[in-house]
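# What the coordinates show
The residues making up each chain are set out below.
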Amino acid sequence: MNKAFCKKRVFLSFLLTGCLILFNISCGLDTFYVLPGPIQTTHKPEYSNTTVADNYFEFWTVETGCDGIKFNGTDIYYKIYTNTDTLDSQIGAIQTLINSETSSPFDSLTSRPYNYVKLIVSEGGNEAALIPASSTKSNQRVTIRLSNYNDIYFAGILVNDQNLYGESNRVIPLRYVTDDDNKTLSFNFKLSDSNSLPKTSQDDVNSTGGNSDENVWYVCLYAVAVGNKPSYETVNSNILYLGSVQIPAQ
């Protein structure tokens with residue numbers, strides 16, 4: 001009787017051990033990787049109440065707390081609008097996605113109906129991300145001015161008040177489209193050069209609703225951290241709304 005009881009107890013012990021092993025294995029398959037997103041500084045422009053001097057974007061990268069993920073840097077996505085009602089409506093809808101826990105804001109931002117595209121630059125560049133990760137793994141303050149204004153303010157991207165990529169020349173933000181001569185376009189819109197002006201046929205322009213103000217365009221920016229899982233699969237953080245600015249043709 002005792003021998004039978006012992007055999008039964010040993011069998012149950014083996015069974016329990018097996019169940020625990022299977023449970024631990026299954027838990028390993030459900031590992032979730034979360035990449036911290038960039039954060040706002042105290043400066044966020046809005047097209048409706050921003051002066052020319054304040055017509056720039058600013059944010060902090062977050063380069064710590066990326067457990068299990070290789071942090072590559074931060075990308076910027078933008079859209080040019082001709083109509084402020086459309087702009088306001090889409091910003092509100094995207095913010096709802098950002099606040100939702102059941103959707104992927106980045107995937108939504110870059111697909112219909114928003115179709116935001118990546119900001120690029122005049123020189124340098126990084127295949128992994130526009131704003132490279134810091135070599136010291138320290139958070140970085142990024143400042144972006146999209147366009148020149150009357151030879152007083154000039155387009156450029158600064159990281160901790162230094163030129164992006166550490167070069168002596170200013171790095172100019174560029175649109176993700178080209179003109180008929182295959183030249184990459186900037187955000188310096190000139191009345192004397194029709195090729196420099198945003199066109200309704202271009203992928204980075206939303207012209208729904210017509211023009212709120214002739215020869216004035218409105219640009220919204222979002223930032224997103226970019227990394228890789230151990231499997232090398234790309235992972236993106238939640239997106240951060242950086243604000244909006246007016247850019248008149250000069």
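The preceding data block contains the structure.
A brief look at the structure comes next. Please read these numbers as outputs of a predicted model, since none were measured by experiment. (Residues numbered from 1 in each chain as written. Predicted model: local features only at pLDDT ≥ 70, side-chain atom pairs only at ≥ 80, totals over all residues. Heavy atoms only, no water.)

### Thoughts on the sheet that holds strand β9 (residues 162-163)
Inclusion rule: We treat two strands as partners when DSSP finds at least two bridges between them. To qualify as a helix, a DSSP run of H or I must reach at least 4 residues; to qualify as a strand, a run of E must reach at least 2; elements of each kind are numbered from the N terminus.
Strands sit in the order β1-β2-β7-β8-β9 across an open sheet of 5 strands; the sheet is antiparallel. The sheet is open, and its two edges are formed by β1 (39-40) and β9, each paired on a single side. Of the pairings in the sheet, the one linking strand β8 (residues 156-159) to β9 comprises 2 bridges and is antiparallel in character. Paired with V159 across the strands is Q162, a residue of β9.

### Description of helix α2 (residues 84-99)
Here is the rule: The span one expects for a helix is its residue count, reduced by one, times 1.5 Å. Burial status follows relative accessibility: with a 1.4 Å probe on protein chains alone, a residue under 20% of its type maximum counts as buried, one over 50% as exposed, and anything between as partly exposed. Of all possible arcs, the one meant is that of the directions from the helix axis to the C-beta atoms. Should any heavy atoms of two residues lie within 4.5 Å, those residues are counted as being in contact. Under this definition, polar contacts are N or O atom pairs within 3.5 Å; protein pairs additionally need one hydrogen-donor-capable and one acceptor-capable atom, and for neighbouring residues in sequence, both atoms have to be side-chain atoms.
The first and last C-alpha atoms of α2 sit 23 Å apart over 16 residues, in line with the 22 Å expected at 1.5 Å per residue. Considered for burial, the residues of α2 that qualify are T84, T86, L87, Q90, I91, I94 and I98. Across the axial projection of α2, the buried residues extend over an arc of 145 degrees, all falling on one side. When the buried face of α2 is taken as reference, the exposed residues oriented beyond 90 degrees from it are D85, T96 and N99. Structurally, α2 contributes buried residues whose contacts are with β3 (70-81), α3 (105-109), β12 (205-206), β13 (216-228) and β15 (240-248). Between a side-chain oxygen at the N-terminus of α2 and the backbone nitrogen of D85 the separation is 2.9 Å; the capping residue is N83.

### Comments concerning empty space enclosed by the protein
Note the following rule: The definitions used throughout rest on a 1 Å grid laid over the protein atoms alone, on which a cavity is an enclosed set of points accommodating a 1.4 Å probe that cannot get out and a pocket is an open set flanked by protein within 12 Å on both sides along at least five of seven lines; lining residues are those having an atom within 4 Å of a point. Grid points are joined across faces, edges and corners, and a volume is the space filled by probe spheres set on the points. When residues are sorted by character, Ala, Val, Leu, Ile, Met, Phe, Trp, Tyr, Cys and Pro go into the nonpolar class, Asp, Glu, Lys and Arg into the charged class, and all the rest, Gly among them, into the polar class.
Scanning the entire structure with this criterion turns up 1 cavity of 30 Å³ or more. The space that makes up the largest cavity amounts to roughly 30 Å³. Split into classes, the residues belonging to the lining of the largest cavity amount to 3 nonpolar, 2 polar and 1 charged.

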